[in-house]
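Structural overview for review
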2 protein chains.
Amino acid sequence: MDSLFTYRKIDEKIISLLRSAIGDGNVSSDDEKLISFSHDEVPSSSYKGHYKAEALVFPESSNHVSEIMKIASENRIPVTPRGAGTGLSGGALPAFGGIVMSFEKMNRIIELDEKNLTVTVEPGVVTSEISKLAARHDLLYAGDPCSGDASFIGGNIAENAGGNKVIKYGATGAQVLALEVVLADGTVTWFGGKRRKDVTGLDFTHLIAGSEGILAIITKAVLKLLPLPRHSVDLLAAFPDPETAIAFVPQIIKKGGIIPASIEFMDKKALELVEKYLNNPVPASDAGAALIIQLEENDHDVLERQYEKIGALSKEHGASEVYVADTRSTKDRIWQTRKAIPEATSFFYDRYTKEDLVVPIDRVPDLLAKIKEVCLERNLQWVAYGHAGDGNMHCTVIGPDTEDWHEILLIVQKKIYSAVIEMGGTLSGEHGIGFKRKGFMKLFLDKKHLELIKSVKLAFDPGNILNPGKIVDWNE
Amino acid sequence: MDSLFTYRKIDEKIISLLRSAIGDGNVSSDDEKLISFSHDEVPSSSYKGHYKAEALVFPESSNHVSEIMKIASENRIPVTPRGAGTGLSGGALPAFGGIVMSFEKMNRIIELDEKNLTVTVEPGVVTSEISKLAARHDLLYAGDPCSGDASFIGGNIAENAGGNKVIKYGATGAQVLALEVVLADGTVTWFGGKRRKDVTGLDFTHLIAGSEGILAIITKAVLKLLPLPRHSVDLLAAFPDPETAIAFVPQIIKKGGIIPASIEFMDKKALELVEKYLNNPVPASDAGAALIIQLEENDHDVLERQYEKIGALSKEHGASEVYVADTRSTKDRIWQTRKAIPEATSFFYDRYTKEDLVVPIDRVPDLLAKIKEVCLERNLQWVAYGHAGDGNMHCTVIGPDTEDWHEILLIVQKKIYSAVIEMGGTLSGEHGIGFKRKGFMKLFLDKKHLELIKSVKLAFDPGNILNPGKIVDWNE
């Protein structure tokens with residue numbers, strides 16, 4: 001695989017070069033550590049091979065990153081940048097061994113600039129720390145991945161992480177104004193600036209966002225902030241079945257006349273799994289499906305009128321019950337249910353394929369129907385949940401208890417993917433392609449498009465040392 | 001210039017190839033037409049050379065564009081895509097002759113999709129037609145360049161046009177979900193889709209936005225729509241001087257707790273010029289400077305409270321007078337003043353340099369001070385206006401009545417640019433680099449960054465036939 005490129009194995013000489021460049025304490029080749037830094041949240045059972053870093057580095061500065069890249073490029077060593085390891089596509093998997101670069105030590109919030117409504121951070125800052133700091137200044141950082149309490153902002157940017165507020169604010173990339181990056185040869189440069197507009201050159205800032213570390217390594221980011229909405233409320237609307245719940249989604253915007261901050265969907269299986277996992281009753285767990293609708297406003301009365309309107313609309317469109325959460329604890333309870341679904345799924349099952357499909361919003365009902373059809377055909381269970389408001393569904397198909405579960409899930413995936421393509425959808429909305437999905441790229445993108453990805457990759461990284469083995473397959 | 005690449009001149013054989021590919025009526029080599037399609041809104045006096053197309057083509061479909069590109073790539077002929085010719089950086093100038101491709105005939109709004117809140121358009125649609133159609137469906141197309149009544153959407157996307165609502169909604173690129181493009185070799189492909197999220201591959205959609213036609217030719221675009229805000233109001237706040245007006249800008253967001261749809265600035269000279277040009281009194285023309293603040297809300301009472309609050313804040317921060325425009329005619333009167341500034345300037349002067357500088361919002365006062373200082377040093381007049389809310393100022397320095405006016409303006413520009421760089425600003429916020437500004441790129445971007453632009457350009461267009469002579473100078 002990727003045999004067009006050959007890499008040098010890491011030996012004692014390279015280790016000592018790294019040590020003298022960034023300090024002994026910032027380089028490790030301890031086997032246990034290598035193993036624990038050689039995967040993300042994709043279960044290793046999803047892959048047939050085994051992948052392990054040969055060296056770990058913990059840079060403390062952009063200069064350290066630059067020094068490491070100089071050594072790597074001169075010696076043809078692959079480098080896999082790694083955030084908190086919460087990724088869901090094997091993006092941080094060292095597919096060709098080499099160096100795994102952890103950003104744990106580059107975890108400073110450098111500046112919160114109230115005048116320019118920006119925050120400047122290093123890549124190893126935990127995402128929720130940014131939101132919390134902003135909130136203390138009555139400001140909003142609008143990136144909100146479900147993993148935000150653990151994930152690093154650098155990983156969020158590299159994956160263009162989505163999450164719960166994309167429908168209103170866009171994904172992580174939309175929050176980024178500027179990036180300091182280190183290129184494959186060790187050059188440190190900036191794309192963008194503390195500026196709200198910039199057409200000076202090509203928009204490399206947003207090309208890097210979502211490029212999964214294959215073009216450049218992010219070492220600083222300037223993110224935009226917004227005034228913090230003064231009030232918010234979460235509605236949990238229980239529906240008799242998924243079809244009724246999903247059919248209501250477009251009506252929220254159309255008849256409500258507003259874009260909610262979130263519209264999240266959970267099917268019955270998701271609600272049940274979470275209840276069992278948390279060992280605690282969850283709201284609406286007896287419903288056939290549920291929607292979480294988050295509304296934000298500066299004016300309390302307007303918010304109240306809004307949620308009453310949306311609540312009444314829900315009932316008109318088939319909701320059996322609408323819970324209103326307007327205190328911290330009731331809101332947390334609702335979101336805990338939503339956020340625990342992936343954990344609950346991986347707690348109870350280890351043979352599954354977790355999808356990140358995205359379709360035009362009005363095709364979500366068709367997507368759910370297709371998944372149901374394909375699973376029933378094979379007598380498989382599935383969990384359906386996700387960001388209904390932006391058409392991005394994390395459907396998880398549970399594999400059978402048979403030896404050939406990998407092959408069966410592959411057949412199921414391909415059937416679902418064909419339908420997604422026909423619907424105008426695509427393979428990944430926010431989790432990324434990484435190692436896990438690259439084999440499916442040719443189903444979704446035409447040959448010329450794939451060639452362009454390769455050409456742009458080589459324009460940035462001619463030796464293919466930055467996170468090789470991700471997004472594109474060079475042998476195809 | 002760009003001597004690394006050589007191009008074939010257009011002869012009768014090429015003309016007849018073009019005619020048979022897209023029809024006789026869609027190809028012209030009429031000299032008068034060639035001249036009128038060989039410039040944009042940058043006055044020809046800004047350039048020392050003369051530039052003229054050798055052939056004009058008027059494709060009617062993506063297929064036509066593809067056929068033209070096949071002929072162009074096989075014969076090494078430069079192709080300059082052209083919208084309505086309202087550009088402000090010489091982006092549509094045929095710097096190496098060759099083919100100018102006009103999109104006048106690809107002017108259909110293909111679909112307005114209320115379920116997915118999208119509109120799909122051809123590149124030759126006039127921008128305001130999209131906004132008007134959306135509004136008839138209670139929807140908002142949020143791209144709003146000042147030239148929107150004349151400019152084509154394809155040009156807006158190619159330039160990542162900004163305008164009056166960037167502070168709230170982002171520039172044109174932020175409205176784009178997908179692009180159908182024709183590549184240099186004639187391949188037709190899609191980047192993105194009718195999807196709110198997409199991390200399948202690299203984000204080429206937003207790389208093409210703002211790439212000024214050097215990477216690919218846009219032949220269709222899917223744009224996002226939003227619910228139309230039900231009510232809006234424009235405040236015109238008159239201030240005694242530019243400093244007081246500009247100092248108030250960050251307070252609007254900070255103390256007001258909201259992001260207005262627009263915050264526009266006009267200095268005394270701008271107000272006077274427009275009054276003289278329109279030959280009609282304009283509001284606040286006796287003020288030292290003025291701000292237009294546009295507020296939008298769904299709730300009328302909330303809007304009223306908001307504009308009362310912002311009005312009172314304006315007074316507290318030194319406004320002598322605040323006019324409230326809440327009817328079509330009063331709003332139009334305010335915006336007519338703002339939008340007529342460029343026209344008025346070019347009506348009264350033909351020796352000037354119109355800048356598109358962008359700085360961090362809090363440095364706008366420093367930028368204005370610098371421009372004043374540099375102009376006073378040389379005894380030059382200047383007009384200062386622009387998008388104060390996002391730090392993008394269109395300062396226009398008027399050249400002296402001397403033979404060496406080109407050289408003097410160049411000295412002035414370089415002084416201003418040095419200061420802009422020190423402030424963390426950049427060369428162009430929304431007008432683009434094009435032909436006009438490419439010589440200044442090396443002041444703002446480092447060598448490696450410029451090399452990356454070239455490499456990515458060649459990854460898309462190895463023969464450099466797509467709008468050559470723009471953004472990058474190959475001889476540097």
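Residues numbered from 1 in each chain as written. Chains lettered and ligands numbered in written order. Predicted model: local features only at pLDDT ≥ 70, side-chain atom pairs only at ≥ 80, totals over all residues. Heavy atoms only, no water.

A few points about the pairing of strand E8 (residues 176-182) of chain B
Residues and elements named next belong to chain B. Of all seven residues making up E8, seven are buried, and the element is well covered by its neighbours. Alignment of E8 against strand E10 (residues 217-224), held across six bridges, turns out to be antiparallel. By the bridge assignment for E10, Ala-178 is matched with Val-222. In this sheet, strand E9 (residues 188-192) lies alongside E8 in antiparallel orientation, the contact comprising five bridges. Bridging from a neighbouring strand, Leu-179 pairs with Phe-191 of E9. Hairpin connection of E8 to E9: five residues between the antiparallel strands, including Gly-186 at a positive phi of 100°. (Buried < 20%, exposed > 50% of the residue type's maximum accessible area, 1.4 Å probe, protein only. Helix = DSSP H or I, 4+ residues; strand = E, 2+ residues; numbered from the N terminus. Pairing = 2+ DSSP bridges.)

A closer look at the domain arrangement of chain A
Residue and element names in this part refer to chain A. By domain assignment, chain A separates into domain 1 (12-105 + 454-460), domain 2 (109-227), domain 3 (231-341) and domain 4 (349-440). Look at where the C-alpha atoms of domain 1 and domain 2 centre, and you get two points 21 Å apart. Across the contact, 21 residues belong to domain 1 and 26 residues belong to domain 2. Carbon and sulfur atoms make up 70% of the surface buried where domain 1 meets domain 2, a total of about 1800 Å² over both sides. The largest per-residue losses of area from domain 1 upon contact with domain 2 belong to Ser-62, Phe-103 and Phe-460, which jointly make up 35% of the total buried on that side. The interface formed by domain 1 and domain 2 holds zero salt bridges in total. Taken together, domain 1 and domain 2 are joined by four residue pairs in polar contact (both at pLDDT 80 or more). For the side of domain 1 that touches domain 2, the elements supplying multiple residues, two or more each, are helix H3 (62-75), strand E3 (79-82) and helix H16 (447-460). (Domains from an automatic or database assignment. Contact = heavy atoms within 4.5 Å. Buried area = accessible area lost by both parts, 1.4 Å probe. Salt bridge = Lys/Arg side-chain N within 4 Å of Asp/Glu carboxyl O. Polar contact = N/O pair within 3.5 Å; in protein donor to acceptor, adjacent residues only side chain to side chain.)

What to know about a negative patch on the surface
On the surface, Asp301(A), Glu304(A), Glu308(A) and Asp326(A) cluster together into a negatively charged patch. On the secondary structure map, Glu308(A) appears in helix H10 (residues 300-316). (Patch = residues over 30% accessible without salt bridge, like charges linked within 9 Å, V, L, I, M, F, W, Y side chains within 5 Å. Areas by Shrake-Rupley, 256 points an atom, 1.4 Å probe, with all protein chains shown as cover. Lys, Arg positive; Asp, Glu negative; His and termini not counted. Charge placed at Lys NZ, Arg CZ, Asp CG, Glu CD.)

Quick notes on helix H3 (residues 62-75) of chain B
Residue and element names in this part refer to chain B. The end-to-end C-alpha distance of H3, which contains 14 residues, comes to 20 Å, matching closely the 20 Å that a straight helix rising 1.5 Å per residue would cover. Within H3 the residues assigned to the buried category are Ser-62, His-64, Val-65, Ser-66, Ile-68, Met-69, Ile-71, Ala-72 and Asn-75. A positive phi of about 55° marks Arg-76, the residue just after H3. (Expected span 1.5 Å × (residues − 1).)

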